[in-house]
Number of protein chains: 2
Amino acid sequence: MTIKLYCFGESGNSYKAALALQLSGLDWEPVFVDFFGGAARSPEYLAINEMGEAPVMVDGDVKLSQSGVIQQYVTDKSGKFGGTSQDEKYEVLRWVLWDNHKLSSQAGMTRFLMNFLPEDKRPAEVIPFMQGRLKAAYKTLEKHLEGRDWIVGDGITNADISCCGYLYYPEPFGFDRAQWPNIDRWLSNISDQPGWKHPYDLMPGSPADRA
Amino acid sequence: MTIKLYCFGESGNSYKAALALQLSGLDWEPVFVDFFGGAARSPEYLAINEMGEAPVMVDGDVKLSQSGVIQQYVTDKSGKFGGTSQDEKYEVLRWVLWDNHKLSSQAGMTRFLMNFLPEDKRPAEVIPFMQGRLKAAYKTLEKHLEGRDWIVGDGITNADISCCGYLYYPEPFGFDRAQWPNIDRWLSNISDQPGWKHPYDLMPGSPADRA
(Lines give C-alpha, C1' and ligand atoms only; values in the text may rest on other atoms or scores of the structure.)
Protein backbone atom coordinates (compact mmCIF):
# COMPACT_ATOMS: atom_id res chain seq x y z
CA MET A 1 0.00 0.00 0.00
CA THR A 2 1.28 3.46 -0.93
CA ILE A 3 1.94 5.77 2.02
CA LYS A 4 0.17 9.12 1.61
CA LEU A 5 1.70 12.34 2.88
CA TYR A 6 -0.60 15.36 3.19
CA CYS A 7 1.73 18.25 2.52
CA PHE A 8 2.45 21.39 0.50
CA GLY A 9 5.60 22.67 -1.14
CA GLU A 10 6.13 25.78 0.98
CA SER A 11 6.14 23.78 4.21
CA GLY A 12 9.60 22.94 5.47
CA ASN A 13 8.02 20.75 8.13
CA SER A 14 6.31 18.79 5.36
CA TYR A 15 9.61 18.63 3.53
CA LYS A 16 11.29 16.91 6.49
CA ALA A 17 8.74 14.10 6.32
CA ALA A 18 8.67 13.96 2.51
CA LEU A 19 12.46 13.82 2.29
CA ALA A 20 12.65 11.00 4.85
CA LEU A 21 10.07 9.02 2.84
CA GLN A 22 11.80 9.83 -0.44
CA LEU A 23 15.31 8.86 0.67
CA SER A 24 14.09 5.73 2.49
CA GLY A 25 12.91 4.07 -0.70
CA LEU A 26 9.46 3.39 0.80
CA ASP A 27 6.49 3.63 -1.59
CA TRP A 28 4.81 7.02 -0.97
CA GLU A 29 2.95 9.82 -2.68
CA PRO A 30 2.21 13.42 -1.72
CA VAL A 31 -1.38 14.71 -1.33
CA PHE A 32 -1.71 18.46 -1.70
CA VAL A 33 -3.03 20.45 1.29
CA ASP A 34 -4.10 23.89 0.10
CA PHE A 35 -2.75 25.62 3.21
CA PHE A 36 -2.78 29.11 1.75
CA GLY A 37 -6.36 28.54 0.57
CA GLY A 38 -7.35 27.80 4.19
CA ALA A 39 -7.73 24.02 3.79
CA ALA A 40 -5.65 23.23 6.90
CA ARG A 41 -8.08 25.17 9.09
CA SER A 42 -11.18 23.44 7.72
CA PRO A 43 -13.18 21.14 10.04
CA GLU A 44 -12.35 18.23 7.71
CA TYR A 45 -8.64 18.78 8.04
CA LEU A 46 -8.81 19.47 11.79
CA ALA A 47 -10.46 16.04 12.13
CA ILE A 48 -7.31 14.59 10.51
CA ASN A 49 -5.00 16.77 12.61
CA GLU A 50 -6.30 18.71 15.62
CA MET A 51 -3.10 20.77 15.59
CA GLY A 52 -4.17 22.16 12.20
CA GLU A 53 -0.75 21.58 10.72
CA ALA A 54 0.86 19.78 7.82
CA PRO A 55 2.29 17.21 7.31
CA VAL A 56 0.07 14.25 8.10
CA MET A 57 1.06 10.74 7.01
CA VAL A 58 -1.45 7.96 6.39
CA ASP A 59 -0.23 4.38 5.97
CA GLY A 60 -3.22 2.04 6.04
CA ASP A 61 -4.67 2.37 9.55
CA VAL A 62 -1.75 4.42 10.81
CA LYS A 63 -2.19 8.19 10.82
CA LEU A 64 0.62 10.34 12.17
CA SER A 65 1.41 14.02 12.36
CA GLN A 66 4.48 16.06 13.35
CA SER A 67 7.39 15.64 10.99
CA GLY A 68 9.64 14.16 13.71
CA VAL A 69 7.08 11.43 14.43
CA ILE A 70 6.75 10.60 10.73
CA GLN A 71 10.55 10.46 10.51
CA GLN A 72 10.55 8.00 13.43
CA TYR A 73 7.92 5.90 11.66
CA VAL A 74 10.01 5.85 8.48
CA THR A 75 12.98 4.75 10.59
CA ASP A 76 10.98 2.00 12.31
CA LYS A 77 9.68 0.76 8.96
CA SER A 78 12.82 1.09 6.82
CA GLY A 79 15.59 0.67 9.41
CA LYS A 80 17.18 3.88 8.10
CA PHE A 81 18.13 7.30 9.51
CA GLY A 82 17.79 6.42 13.21
CA GLY A 83 21.43 6.01 14.15
CA THR A 84 23.36 2.78 14.57
CA SER A 85 23.76 2.59 18.37
CA GLN A 86 21.84 3.69 21.45
CA ASP A 87 24.18 6.69 21.80
CA GLU A 88 23.48 7.70 18.22
CA LYS A 89 19.73 7.28 18.73
CA TYR A 90 19.79 9.75 21.61
CA GLU A 91 22.01 12.08 19.61
CA VAL A 92 19.61 11.99 16.64
CA LEU A 93 16.67 12.76 18.94
CA ARG A 94 18.66 15.59 20.51
CA TRP A 95 19.15 17.33 17.19
CA VAL A 96 15.58 16.71 16.05
CA LEU A 97 14.34 18.36 19.27
CA TRP A 98 16.85 21.18 18.95
CA ASP A 99 15.70 21.77 15.38
CA ASN A 100 12.06 21.90 16.51
CA HIS A 101 12.96 24.31 19.27
CA LYS A 102 15.64 26.55 17.78
CA LEU A 103 16.05 26.15 14.02
CA SER A 104 13.11 25.08 11.86
CA SER A 105 10.48 26.58 14.15
CA GLN A 106 12.05 30.02 14.00
CA ALA A 107 13.20 29.78 10.37
CA GLY A 108 9.72 28.72 9.28
CA MET A 109 8.06 31.56 11.15
CA THR A 110 10.52 34.19 9.93
CA ARG A 111 10.23 33.03 6.32
CA PHE A 112 6.45 33.11 6.64
CA LEU A 113 6.45 36.65 8.03
CA MET A 114 8.84 37.93 5.37
CA ASN A 115 7.37 36.22 2.32
CA PHE A 116 3.82 35.02 2.82
CA LEU A 117 2.26 37.89 4.78
CA PRO A 118 1.19 41.11 3.05
CA GLU A 119 3.86 43.75 3.54
CA ASP A 120 1.63 45.97 5.67
CA LYS A 121 0.92 43.10 8.09
CA ARG A 122 4.51 42.17 8.79
CA PRO A 123 5.53 42.74 12.44
CA ALA A 124 8.59 44.86 11.77
CA GLU A 125 10.34 44.36 15.11
CA VAL A 126 9.71 40.62 15.27
CA ILE A 127 11.65 39.80 12.09
CA PRO A 128 15.09 41.08 13.17
CA PHE A 129 14.53 39.66 16.65
CA MET A 130 13.91 36.20 15.19
CA GLN A 131 16.83 36.60 12.79
CA GLY A 132 19.09 37.29 15.75
CA ARG A 133 17.95 34.10 17.45
CA LEU A 134 18.37 32.18 14.19
CA LYS A 135 21.92 33.43 13.82
CA ALA A 136 22.73 31.80 17.16
CA ALA A 137 21.22 28.56 15.83
CA TYR A 138 23.26 28.70 12.59
CA LYS A 139 26.38 29.24 14.72
CA THR A 140 25.64 26.16 16.81
CA LEU A 141 25.11 24.03 13.69
CA GLU A 142 28.12 25.48 11.84
CA LYS A 143 30.39 24.72 14.78
CA HIS A 144 29.04 21.21 15.18
CA LEU A 145 29.61 20.43 11.48
CA GLU A 146 33.28 21.42 11.60
CA GLY A 147 35.13 18.32 10.40
CA ARG A 148 31.92 16.34 10.05
CA ASP A 149 29.96 15.25 6.98
CA TRP A 150 26.81 14.48 8.98
CA ILE A 151 25.30 15.74 12.21
CA VAL A 152 25.41 12.28 13.85
CA GLY A 153 27.75 9.42 12.97
CA ASP A 154 28.90 8.46 9.49
CA GLY A 155 25.77 8.81 7.41
CA ILE A 156 22.55 10.71 6.92
CA THR A 157 20.06 10.51 9.80
CA ASN A 158 16.84 12.17 10.86
CA ALA A 159 19.00 14.85 12.49
CA ASP A 160 20.15 15.99 9.03
CA ILE A 161 16.72 15.54 7.45
CA SER A 162 15.17 17.64 10.21
CA CYS A 163 17.70 20.46 10.40
CA CYS A 164 17.80 21.02 6.62
CA GLY A 165 14.01 21.45 6.45
CA TYR A 166 13.97 25.18 5.63
CA LEU A 167 17.50 25.65 4.31
CA TYR A 168 16.98 24.91 0.58
CA TYR A 169 14.17 27.41 0.03
CA PRO A 170 14.82 30.39 -2.22
CA GLU A 171 12.68 32.91 -0.31
CA PRO A 172 14.79 35.26 1.83
CA PHE A 173 14.58 34.97 5.60
CA GLY A 174 18.08 35.92 6.59
CA PHE A 175 19.90 32.65 5.82
CA ASP A 176 22.66 32.72 3.22
CA ARG A 177 24.43 29.40 3.01
CA ALA A 178 27.53 31.00 1.50
CA GLN A 179 28.15 32.62 4.91
CA TRP A 180 28.30 29.24 6.66
CA PRO A 181 30.85 27.01 4.91
CA ASN A 182 30.25 23.90 7.00
CA ILE A 183 26.49 24.17 6.66
CA ASP A 184 26.92 24.78 2.92
CA ARG A 185 29.06 21.64 2.51
CA TRP A 186 26.64 19.58 4.61
CA LEU A 187 23.62 20.78 2.55
CA SER A 188 25.46 19.56 -0.55
CA ASN A 189 26.07 16.20 1.12
CA ILE A 190 22.32 15.86 1.63
CA SER A 191 21.37 17.03 -1.86
CA ASP A 192 23.89 14.57 -3.34
CA GLN A 193 21.88 11.65 -1.93
CA PRO A 194 20.23 9.46 -4.61
CA GLY A 195 16.61 10.50 -5.04
CA TRP A 196 17.01 13.90 -3.34
CA LYS A 197 14.72 16.62 -4.66
CA HIS A 198 14.23 20.27 -3.87
CA PRO A 199 11.08 20.95 -1.76
CA TYR A 200 9.23 22.53 -4.70
CA ASP A 201 10.01 19.47 -6.84
CA LEU A 202 9.25 16.91 -4.16
CA MET A 203 5.86 18.27 -3.05
CA PRO A 204 2.92 19.93 -4.81
CA GLY A 205 2.35 23.66 -4.41
CA SER A 206 4.76 26.58 -4.59
CA PRO A 207 4.62 30.37 -4.68
CA ALA A 208 4.81 30.12 -8.49
CA ASP A 209 1.33 28.53 -8.46
CA ARG A 210 -0.15 31.60 -6.82
CA ALA A 211 1.77 34.20 -8.84
CA MET B 1 25.26 5.74 41.16
CA THR B 2 23.30 8.94 41.61
CA ILE B 3 22.25 10.62 38.36
CA LYS B 4 23.29 14.28 38.23
CA LEU B 5 21.16 16.89 36.51
CA TYR B 6 22.81 20.24 35.71
CA CYS B 7 19.93 22.68 35.99
CA PHE B 8 18.56 25.86 37.53
CA GLY B 9 15.18 26.70 39.00
CA GLU B 10 14.08 29.29 36.46
CA SER B 11 14.52 26.87 33.55
CA GLY B 12 11.32 25.16 32.49
CA ASN B 13 13.35 22.98 30.16
CA SER B 14 15.39 21.84 33.15
CA TYR B 15 12.15 21.29 35.05
CA LYS B 16 10.91 18.85 32.40
CA ALA B 17 13.97 16.66 32.95
CA ALA B 18 14.00 17.11 36.74
CA LEU B 19 10.31 16.25 37.03
CA ALA B 20 10.74 13.09 34.93
CA LEU B 21 13.63 12.01 37.16
CA GLN B 22 11.73 12.92 40.33
CA LEU B 23 8.49 11.11 39.43
CA SER B 24 10.35 8.07 38.06
CA GLY B 25 11.79 7.16 41.46
CA LEU B 26 15.34 6.98 40.02
CA ASP B 27 18.15 8.17 42.30
CA TRP B 28 19.12 11.67 41.16
CA GLU B 29 20.36 15.03 42.40
CA PRO B 30 20.38 18.53 40.90
CA VAL B 31 23.63 20.43 40.27
CA PHE B 32 23.20 24.19 40.07
CA VAL B 33 24.13 25.94 36.80
CA ASP B 34 24.46 29.67 37.43
CA PHE B 35 22.85 30.60 34.13
CA PHE B 36 22.14 34.21 35.06
CA GLY B 37 25.74 34.54 36.24
CA GLY B 38 26.93 33.47 32.77
CA ALA B 39 28.06 29.97 33.71
CA ALA B 40 26.23 28.31 30.79
CA ARG B 41 28.25 30.37 28.29
CA SER B 42 31.62 29.53 29.85
CA PRO B 43 34.06 27.37 27.87
CA GLU B 44 33.82 24.74 30.62
CA TYR B 45 30.07 24.45 30.27
CA LEU B 46 30.16 24.59 26.46
CA ALA B 47 32.46 21.57 26.61
CA ILE B 48 29.66 19.77 28.48
CA ASN B 49 26.98 21.07 26.11
CA GLU B 50 27.89 22.75 22.83
CA MET B 51 24.34 24.12 22.61
CA GLY B 52 25.07 26.18 25.74
CA GLU B 53 21.82 25.16 27.34
CA ALA B 54 20.57 23.52 30.50
CA PRO B 55 19.66 20.83 31.40
CA VAL B 56 22.45 18.29 31.03
CA MET B 57 22.17 14.86 32.65
CA VAL B 58 25.17 12.76 33.63
CA ASP B 59 24.71 9.12 34.62
CA GLY B 60 28.11 7.46 34.86
CA ASP B 61 29.51 7.53 31.32
CA VAL B 62 26.26 8.73 29.79
CA LYS B 63 25.93 12.48 29.22
CA LEU B 64 22.75 13.79 27.60
CA SER B 65 21.24 17.17 26.89
CA GLN B 66 17.84 18.37 25.63
CA SER B 67 15.03 17.73 28.08
CA GLY B 68 13.18 15.43 25.66
CA VAL B 69 16.25 13.20 25.32
CA ILE B 70 16.69 13.03 29.09
CA GLN B 71 12.99 12.15 29.39
CA GLN B 72 13.52 9.33 26.87
CA TYR B 73 16.51 8.10 28.90
CA VAL B 74 14.41 8.10 32.08
CA THR B 75 11.75 6.13 30.20
CA ASP B 76 14.30 3.61 28.88
CA LYS B 77 15.78 3.17 32.37
CA SER B 78 12.59 3.18 34.47
CA GLY B 79 10.02 1.83 32.01
CA LYS B 80 7.78 4.81 32.86
CA PHE B 81 6.18 7.72 30.96
CA GLY B 82 6.75 6.39 27.44
CA GLY B 83 3.27 5.11 26.61
CA THR B 84 2.04 1.52 26.71
CA SER B 85 1.76 0.69 22.99
CA GLN B 86 3.46 1.68 19.74
CA ASP B 87 0.57 4.05 19.01
CA GLU B 88 1.01 5.71 22.38
CA LYS B 89 4.76 5.97 21.88
CA TYR B 90 4.26 7.93 18.66
CA GLU B 91 1.58 10.05 20.32
CA VAL B 92 3.90 10.87 23.24
CA LEU B 93 6.66 11.87 20.80
CA ARG B 94 4.15 13.97 18.85
CA TRP B 95 3.28 16.07 21.89
CA VAL B 96 6.88 16.35 23.05
CA LEU B 97 7.81 17.71 19.61
CA TRP B 98 4.77 19.99 19.53
CA ASP B 99 5.73 21.31 22.95
CA ASN B 100 9.28 22.01 21.77
CA HIS B 101 7.97 23.77 18.69
CA LYS B 102 4.88 25.61 19.86
CA LEU B 103 4.49 25.70 23.63
CA SER B 104 7.55 25.58 25.89
CA SER B 105 9.86 27.23 23.38
CA GLN B 106 7.63 30.27 23.03
CA ALA B 107 6.50 30.34 26.66
CA GLY B 108 10.08 30.19 27.86
CA MET B 109 11.18 32.98 25.56
CA THR B 110 8.22 35.22 26.41
CA ARG B 111 8.68 34.69 30.15
CA PHE B 112 12.38 35.48 29.76
CA LEU B 113 11.70 38.69 27.86
CA MET B 114 9.05 39.86 30.33
CA ASN B 115 10.78 38.95 33.57
CA PHE B 116 14.51 38.43 33.21
CA LEU B 117 15.50 41.23 30.83
CA PRO B 118 15.88 44.81 32.05
CA GLU B 119 12.73 46.76 31.20
CA ASP B 120 14.51 49.04 28.72
CA LYS B 121 15.83 46.04 26.77
CA ARG B 122 12.50 44.31 26.24
CA PRO B 123 11.44 44.13 22.56
CA ALA B 124 8.00 45.66 22.96
CA GLU B 125 6.46 44.31 19.76
CA VAL B 126 7.82 40.80 20.16
CA ILE B 127 6.03 40.10 23.44
CA PRO B 128 2.40 40.50 22.24
CA PHE B 129 3.30 38.70 19.01
CA MET B 130 4.58 35.69 20.95
CA GLN B 131 1.61 35.84 23.31
CA GLY B 132 -0.71 35.61 20.32
CA ARG B 133 1.08 32.51 19.10
CA LEU B 134 1.02 31.05 22.61
CA LYS B 135 -2.73 31.59 22.85
CA ALA B 136 -3.15 29.36 19.81
CA ALA B 137 -1.03 26.72 21.57
CA TYR B 138 -3.10 26.93 24.79
CA LYS B 139 -6.24 26.50 22.66
CA THR B 140 -4.87 23.35 21.04
CA LEU B 141 -3.96 21.87 24.42
CA GLU B 142 -7.22 22.95 26.09
CA LYS B 143 -9.25 21.33 23.35
CA HIS B 144 -7.21 18.13 23.44
CA LEU B 145 -7.67 17.81 27.23
CA GLU B 146 -11.47 18.01 27.03
CA GLY B 147 -12.68 14.80 28.70
CA ARG B 148 -9.11 13.59 29.29
CA ASP B 149 -7.04 13.38 32.46
CA TRP B 150 -3.77 12.98 30.56
CA ILE B 151 -2.50 14.02 27.13
CA VAL B 152 -1.88 10.41 26.04
CA GLY B 153 -3.61 7.30 27.38
CA ASP B 154 -4.60 6.65 30.98
CA GLY B 155 -1.64 7.93 32.94
CA ILE B 156 1.12 10.51 33.07
CA THR B 157 3.65 10.39 30.22
CA ASN B 158 6.50 12.48 28.88
CA ALA B 159 3.85 14.40 26.90
CA ASP B 160 2.45 15.79 30.15
CA ILE B 161 5.87 16.27 31.74
CA SER B 162 7.01 18.21 28.67
CA CYS B 163 3.97 20.40 28.10
CA CYS B 164 3.70 21.49 31.76
CA GLY B 165 7.31 22.70 31.80
CA TYR B 166 6.59 26.43 32.06
CA LEU B 167 3.02 26.37 33.35
CA TYR B 168 3.61 26.31 37.13
CA TYR B 169 5.85 29.38 37.26
CA PRO B 170 4.59 32.48 39.07
CA GLU B 171 6.21 35.07 36.75
CA PRO B 172 3.71 36.61 34.33
CA PHE B 173 4.02 35.79 30.63
CA GLY B 174 0.39 35.86 29.59
CA PHE B 175 -0.71 32.44 30.84
CA ASP B 176 -3.47 32.34 33.46
CA ARG B 177 -4.53 28.79 34.18
CA ALA B 178 -7.91 29.94 35.48
CA GLN B 179 -8.79 30.88 31.88
CA TRP B 180 -8.23 27.32 30.66
CA PRO B 181 -10.32 24.90 32.77
CA ASN B 182 -9.07 21.70 31.15
CA ILE B 183 -5.44 22.77 31.39
CA ASP B 184 -6.06 23.84 35.00
CA ARG B 185 -7.50 20.43 35.91
CA TRP B 186 -4.69 18.62 34.11
CA LEU B 187 -2.01 20.68 35.90
CA SER B 188 -3.62 19.60 39.19
CA ASN B 189 -3.51 15.96 38.06
CA ILE B 190 0.23 16.33 37.55
CA SER B 191 0.88 18.18 40.81
CA ASP B 192 -1.13 15.49 42.67
CA GLN B 193 1.45 12.87 41.68
CA PRO B 194 3.47 11.47 44.62
CA GLY B 195 6.80 13.28 44.84
CA TRP B 196 5.75 16.23 42.66
CA LYS B 197 7.44 19.53 43.51
CA HIS B 198 7.18 23.05 42.18
CA PRO B 199 10.16 24.03 39.96
CA TYR B 200 11.60 26.37 42.61
CA ASP B 201 11.42 23.57 45.19
CA LEU B 202 12.73 20.83 42.90
CA MET B 203 15.78 22.68 41.54
CA PRO B 204 18.32 25.14 43.00
CA GLY B 205 18.12 28.80 42.05
CA SER B 206 15.18 31.17 41.82
CA PRO B 207 14.56 34.90 41.34
CA ALA B 208 14.39 35.17 45.14
CA ASP B 209 18.11 34.33 45.29
CA ARG B 210 18.95 37.37 43.18
CA ALA B 211 16.51 39.80 44.81
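Reading the values: rules and limits
Residues numbered from 1 in each chain as written. Chains lettered and ligands numbered in written order. Predicted model: local features only at pLDDT ≥ 70, side-chain atom pairs only at ≥ 80, totals over all residues. Heavy atoms only, no water. UniProt positions renumbered as here; feature names shortened; annotations may be inferred. Axes fitted to C-alpha atoms, helices over the stretch in contact; angles between N-to-C directions. Helix = DSSP H or I, 4+ residues; strand = E, 2+ residues; numbered from the N terminus. Contact = heavy atoms within 4.5 Å. Nonpolar A, V, L, I, M, F, W, Y, C, P; charged D, E, K, R; others polar. Expected span 1.5 Å × (residues − 1). Buried < 20%, exposed > 50% of the residue type's maximum accessible area, 1.4 Å probe, protein only. Arc of directions from axis to C-beta. Domains from an automatic or database assignment. Buried area = accessible area lost by both parts, 1.4 Å probe. Salt bridge = Lys/Arg side-chain N within 4 Å of Asp/Glu carboxyl O. Polar contact = N/O pair within 3.5 Å; in protein donor to acceptor, adjacent residues only side chain to side chain.

Per an unreviewed UniProt entry, chain A carries the name Glutathione S-transferase and comes from Thalassovita mangrovi. Per UniProt, chain A has the following entry under Sequence similarities (unreviewed entry): "Belongs to the GST superfamily."

(A) Examining the packing of helix 4 (residues 86-115) of chain A against helix 3 (residues 67-78) of chain B more closely. For the pair helix 4 of chain A and helix 3 of chain B, interaxial distance at closest approach is 9 Å and the crossing angle is 145 degrees. Only G68(B), V69(B), Q72(B), Y73(B) and D76(B) of helix 3 of chain B make contact with helix 4 of chain A, whose side of the interface consists of Q86(A), Y90(A), L93(A), R94(A) and L97(A). A per-class count over the contact of helix 4 of chain A with helix 3 of chain B returns 5 nonpolar, 3 polar and 2 charged.

(B) View of the UniProt feature "domain: GST C-terminal" (unreviewed entry) in chain A. Per the UniProt annotation, the sites labelled "domain: GST C-terminal" (unreviewed entry) are residues 85-211 of chain A. Overall, residues 85-211 of chain A shows 58% helix and 0% strand. The separation of its end C-alpha atoms is 47 Å.

(C) The arrangement of helix 3 (residues 67-78) of chain A in detail. The end-to-end C-alpha distance of helix 3 of chain A, which contains 12 residues, comes to 16 Å, matching closely the 16 Å that a straight helix rising 1.5 Å per residue would cover. A positive phi of about 80 degrees marks G79(A), the residue just after helix 3 of chain A.

(D) Structural detail: helix 7 (residues 181-191) of chain A. All names here are of chain A. Within helix 7 the residues assigned to the buried category are N182, I183, W186, L187, N189 and I190. Viewed end-on, helix 7 has its buried residues packed into an arc of 155 degrees, placing them on one side of the element. As for helix 7, its buried residues are in contact with helix 1 (12-24), helix 5 (126-144) and helix 6 (158-163).

(E) Structural view of the environment of V62(A). In this fold, V62(A) is placed in strand 4 (residues 62-65). Excluding anything up to four places from it in sequence, V62(A) contacts M57(A) and Y73(A).

(F) Seen up close, the domain arrangement of chain A. Residues and elements named next belong to chain A. Here the domain parsing of chain A yields domain 1 (3-80 + 196-210) and domain 2 (86-191). Between the C-alpha centres of domain 1 and domain 2 there is a distance of 19 Å. Between domain 1 and domain 2, the contact holds 23 residues from the first and 20 residues from the second. Of the roughly 1600 Å² buried where domain 1 meets domain 2, counting both sides, 60% is carbon and sulfur surface. Ranking the residues of domain 1 by area buried against domain 2 places K16, Q71 and W196 at the top, with a combined share of 32%. At the boundary of domain 1 and domain 2, one finds 1 salt bridge. Across the pair K16 and D99 runs a salt bridge, and its minimum N-O distance is 2.9 Å. Between the two partners, domain 1 and domain 2, sit 12 residue pairs in polar contact (both at pLDDT 80 or more). Of all elements in the fold, only helix 1, helix 3, helix 8 (199-202) and helix 9 (207-210) reach the threshold of two or more residues within the side of domain 1 that touches domain 2. Ranked by the residues each element gives to the side of domain 1 that touches domain 2, the list is headed by helix 1, at 7 residues.

(G) Fine view of the interface of chain A and chain B. Counting from both sides, the interface comprises 36 residues of chain A and, opposite them, 37 residues of chain B. For the pair chain A and chain B, the summed buried area comes to about 3400 Å², and 62% of that belongs to carbon and sulfur atoms. At the boundary of chain A and chain B, one finds 2 salt bridges. At the junction of chain A with chain B, the criterion picks out 9 residue pairs in polar contact (both at pLDDT 80 or more). Ranked by residues supplied to the side of chain A that touches chain B, first place goes to helix 4 of chain A with 15 residues. Of the residues belonging to the side of chain A that touches chain B, the class tally is 16 nonpolar, 13 polar and 7 charged.

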